[in-house]
Number of protein chains: 2
Amino acid sequence: MLVFIYVQWETGIVQCGCRKLGKGACGMAGIKDVARAAGVSVSTVSYVLSGKRSISVKTADKVMAAVEKLGYTPDASARKMRGVRNQIIALSAPIRGDINQAKYNAYFLHTAWQAKDRGYDVLLLTGEDAVGDLRRVTQSNLVDGVVLLDIEEHDVRAAEAGLYSKPCVAIGLPSEHGDCACVDIDFTMAGRQAADCLYSKGHRKVVFLRDNEADYERGSGYVLLFRESLMAHAKELGLRIVESSKHGFDQFDAATFVHDVFDVEDRPTAIINQASANVLNQVLQELQSAGLSVPDNVSVLSCGTYFEGELMTQPITEMPVMPQELCFKAVELLVNAIESHTDIRGVVELSRPAMHRHGSVAEVDVGEQ
Amino acid sequence: MLVFIYVQWETGIVQCGCRKLGKGACGMAGIKDVARAAGVSVSTVSYVLSGKRSISVKTADKVMAAVEKLGYTPDASARKMRGVRNQIIALSAPIRGDINQAKYNAYFLHTAWQAKDRGYDVLLLTGEDAVGDLRRVTQSNLVDGVVLLDIEEHDVRAAEAGLYSKPCVAIGLPSEHGDCACVDIDFTMAGRQAADCLYSKGHRKVVFLRDNEADYERGSGYVLLFRESLMAHAKELGLRIVESSKHGFDQFDAATFVHDVFDVEDRPTAIINQASANVLNQVLQELQSAGLSVPDNVSVLSCGTYFEGELMTQPITEMPVMPQELCFKAVELLVNAIESHTDIRGVVELSRPAMHRHGSVAEVDVGEQ
DNA sequence: TTGTAAGCGTTATCAT
DNA sequence: ATGATAACGCTTACAA
């Protein structure tokens, strides 16, 4: 606690001093107070609390009673100055818009839960100057490690990981990641699998439905990787992809979309969806109104979404994002690096994409071919 | 940095010592290193950085050069031991399920942004033992203040705010809040306004649509306050309220809902909605299919939702939650308490509910009465 | 089994 | 204008 000392001068009040007072001055008990109350030395108090040397039952009881009575909690900073870890990891999520998107939430919570399980708290960093913030909190020893969320293709936070002085794990796969470890779904494989899945069932023309143009524009890593891989592999196979988002999406209208895309001679037989549950539901409704049923007339495969817990008008086969698994892996990797001094710089761990089948993908009706 | 000293013994390797090493040992420059490199004393370095006393340009240049060269960042813990504030606030959100809900996200982000604007970082606490975590981080001086999210009617975190030793603000209004300050929308007023709004337009029977039974079951504060006020005021007015959620909502089907509720003699003329955009859209679709148009046949007033940025099949008049405003007020209040030592214990600040009119509420068609 | 004291990195005071 | 130093609260090596 700082006490500022002011002097009433003829010209006004002037600050002329500042003294640091002990814990006692602001009603907080320190280890000295506990020692005094228990009639022992400070080191005895410390050892009773840490259990690092044997203490007589009698002494231990006295100390614990004093701790209880005074409501003593060791000061975090003082402990850290003695080399004890802070047990805090930074979580970087410099999100700009998209505030109403559920998807980030799962990553925040799963990271925090997993960190908590390992005994760490999470410092949330959402400022615009992400690299500056990360430098600050790592260099000042405020945190023991760093997790990066919402990775872009060219992600400066990952590229500059070497500046952080603490281990760093990204959930996502940027193109340059320097000293940063990366954990993600293999979205390149996911794109290929999506194309294969539909092609192998006889589909030859497919529409790619998205409502996340903002993600593309700012270069969000996984959507770019998925799309690139999807388009490339589709081209190899001879699978035609119609990209929905050429339409102005600000005033997206499901009826117009369905009419424009499906009311043609050579209509697509499947949708690869990356739009939200809400948008996809509207499209499903319009398909029904247009007399097209899923999956008999149109197959639907949703990729990079997470519909568990969402109310869908019908069950949709999905290659979902996996926040829980990824956050778990990221935190495990990071905590091992922190506690075992494992060198994880540059490590990349990609998970196989999952496919949750709910019957919305079918063979193309031969009568239609 | 700790260095553990091991001894190779006949029976194996045994740890027999542990020494704390200076910053230099792990490659991190401390203020002493800077002083040495610049050829000045440590106090001079400190003063150059803080600007708290006049320094010759020549010395300042030397010091800054050394700081740059060594990449020196002051140690956060050492600073705090000298009484400098930590600039961290705790954000408590012990969320259990509902991970896929967008709504929390806005509160996380707006709190973090506003805190950042005021120079604070946010420590995210999501553990089950919320009170324990809050005691720990406040008593250990890790944080300078506390914000509570997701307040329940009987919220133990708020009730125990007296234990925290740091100022505490809740975004929400629990029934017992002791030393905790509270910032919220006046949901009691909101419930009354919703009833008034519809009654004054001639509505006499209204359905209350929700998809958040879990919130009710665990006693989420604002949904209870809103519902209670709505029901009470409706009763006074003579407005009948049909509660949707008596239906098993696990397998909610919008068609069934619309049929059950609207395909009766004395059908409701309005919906008070508290369900998600996705669910409401499905209901809107079914109303259309049933030949009921909004607002000519059915008015829709959404309360306690946040549809800005959501794609609705038609614009909906809304009394929204206001994450940005509430987080702003909460952080302002808290930071003032921290920095000006204002006593905010027990303060309650309720905002007037907003009403965003988008034409989905109309007078009851007299022909129908 | 317990006490004494050094030292972590920084800032403010006092002295020059 | 600058330097030397005590103090912050805690942990741990060392002494008793």
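Please read these numbers as outputs of a predicted model, since none were measured by experiment.

Notes on the sheet that holds strand β8 (residues 205–209) of chain A
Residue and element names in this part refer to chain A. A sheet is described by the order of its strands in space; here five strands give the open sequence β9-β8-β10-β11-β12, paired in parallel fashion. The open sheet has two edge strands, β9 (240–243) and β12 (317–319), and neither has a second partner. Averaged over all neighbouring strand pairs, the angle between strand axes comes to 25°, with direction disregarded.

Some remarks on the UniProt feature "domain: HTH lacI-type" (unreviewed entry) in chain A
The UniProt record marks residues 29–83 of chain A with the feature "domain: HTH lacI-type" (unreviewed entry), using the residue numbering of this structure. Secondary structure content for residues 29–83 of chain A is 67% helix and 0% strand, while the C-alpha to C-alpha distance between its ends is 22 Å.

With respect to the relation of the copies chain B and chain A
For the pair chain B and chain A, the relating rotation is 180°, the translation along its axis is 0.0 Å, and the fit reaches an RMSD of 0.0 Å. One copy is carried onto the other by what is essentially a two-fold rotation axis. A shared interface surface links the copies, since 100% of the contact residues of chain B are contact residues in chain A too.

Observations concerning the packing of aromatic side chains
Aromatic ring pairs are described here by two measures, namely the spacing of the ring centres and the angle between the planes. Throughout the structure, instances matching the rule amount to seven aromatic pairs over all chains. For the pair Phe252 of chain A and Phe257 of chain A, a centre-to-centre distance of 5.7 Å together with 50° between the ring planes defines the contact as tilted. Note on Phe257 of chain A: relative accessible area 3%, which makes it buried. Centre to centre, the rings of Phe187 of chain B and Tyr222 of chain B are 5.0 Å apart; their planes meet at 40°, and the pair counts as tilted. Of the two residues, Phe187 of chain B sits in helix α8 (residues 187–200) while Tyr222 of chain B sits in helix α10 (residues 221–237), which places them 35 residues apart along the sequence. Of the two residues examined, Phe187 of chain B and Tyr222 of chain B, each falls in the buried class. Note that Arg204 of chain A overlies the ring of Tyr199 of chain A, its terminal NZ or CZ placed 3.7 Å from the centroid. Over the ring of Tyr216 of chain A we find Arg210 of chain A, and its NZ or CZ is 3.8 Å from the ring centre.

A closer look at the pairing of strand β11 (residues 299–303) of chain B
Residues and elements named next belong to chain B. Within β11, five of the five residues are buried, leaving the element largely enclosed by the surrounding structure. Of the two faces of β11, both are covered, the one formed by Ser299, Leu301 and Cys303 as well as the one formed by Val300 and Ser302. As judged from the four bridges shared by strand β10 (residues 270–273) and β11, these two strands associate in the parallel manner. Residue Ile271 lies in a different strand from β11, and its bridge partner there is Val300. Here three bridges tie β11 to strand β12 (residues 317–319), and the two strands are oriented parallel to one another.

A closer look at helix α6 (residues 130–139) of chain B
Across the ten residues of α6 of chain B, seven count as buried, placing the element largely inside the fold. Against the buried residues of α6 of chain B lie α5 (103–117) and β4 (121–125) of chain A together with β3 (88–92), β4 (121–125), β5 (145–148) and α7 (156–159) of chain B. Trailing α6 of chain B by a residue or two, Asn141 of chain B shows a phi angle of about 65°, which is positive.

Side note on the UniProt feature "domain: HTH cro/C1-type" (unreviewed entry) in chain A
Within the UniProt annotation, "domain: HTH cro/C1-type" (unreviewed entry) is assigned to residues 32–77 of chain A. End C-alpha atoms of residues 32–77 of chain A are separated by 16 Å, and the span's content is 70% helix alongside 0% strand.

Notes on the nonpolar core
Within the largest apolar cluster, 111 residues are counted, with the highest numbers of intra-cluster contacts made by Phe108, Phe226 and Ile272 of chain A together with Phe108, Phe226 and Ile272 of chain B. Every residue in contact with Phe226 of chain B, bar those within four places of it in the chain, is listed here: Phe187, Ala190, Gly191, Ala194, Phe208, Ile272, Gln274 and Cys303 of chain B. In this structure, Val143 and Leu148 of chain A together with Ile88 and Cys180 of chain B belong to the second largest nonpolar core, which totals 40 residues.

Overview of the pattern of salt bridges
In a structure, side chains of opposite charge can pair up when their charged atoms sit close to one another. Taken as a whole and assessed by the stated rule, the structure comprises 34 salt bridges over all chains. One salt bridge in this structure joins Glu152 of chain B and Arg218 of chain B, with 3.4 Å as the shortest N-O distance. You can see Glu152 of chain B sitting in the loop between β5 and α7 and its partner Arg218 of chain B sitting in the loop between α9 (213–217) and α10, a full 66 residues away along the chain. You can call Glu152 of chain B buried: its relative accessible area is 16%. On the basis of relative accessible area, Arg218 of chain B is assigned to the partly exposed category, the value being 23%. A salt bridge links Arg210 of chain B to Glu243 of chain B, with the nearest nitrogen and oxygen atoms 2.7 Å apart. Of the two residues, Arg210 of chain B is situated in the loop between β8 (205–209) and α9 and Glu243 of chain B in strand β9 (residues 240–243); the sequence distance between them amounts to 33 residues. Judged by relative accessible area, Arg210 of chain B falls into the buried class, the value being 4%. Counted as one network, the salt bridges with shared partners bring together Lys116 and Asp121 of chain A together with Asp133 and Arg136 of chain B.

Thresholds applied
- Residues numbered from 1 in each chain as written.
- Chains lettered and ligands numbered in written order.
- Predicted model: local features only at pLDDT ≥ 70, side-chain atom pairs only at ≥ 80, totals over all residues.
- Heavy atoms only, no water.
- Pairing = 2+ DSSP bridges.
- Helix = DSSP H or I, 4+ residues; strand = E, 2+ residues; numbered from the N terminus.
- Axes fitted to C-alpha atoms, helices over the stretch in contact; angles between N-to-C directions.
- UniProt positions renumbered as here; feature names shortened; annotations may be inferred.
- Least-squares fit on C-alpha atoms with pLDDT ≥ 70 in both.
- Contact = heavy atoms within 4.5 Å.
- Phe/Tyr/Trp six-rings, centres within 6.5 Å; stacked < 30°, edge-to-face > 60°.
- Buried < 20%, exposed > 50% of the residue type's maximum accessible area, 1.4 Å probe, protein only.
- Lys NZ or Arg CZ within 6 Å of the ring centre and 35° of its normal.
- Core = buried A, V, L, I, M, F, W, Y, C linked by side-chain atoms within 4.5 Å.
- Salt bridge = Lys/Arg side-chain N within 4 Å of Asp/Glu carboxyl O.

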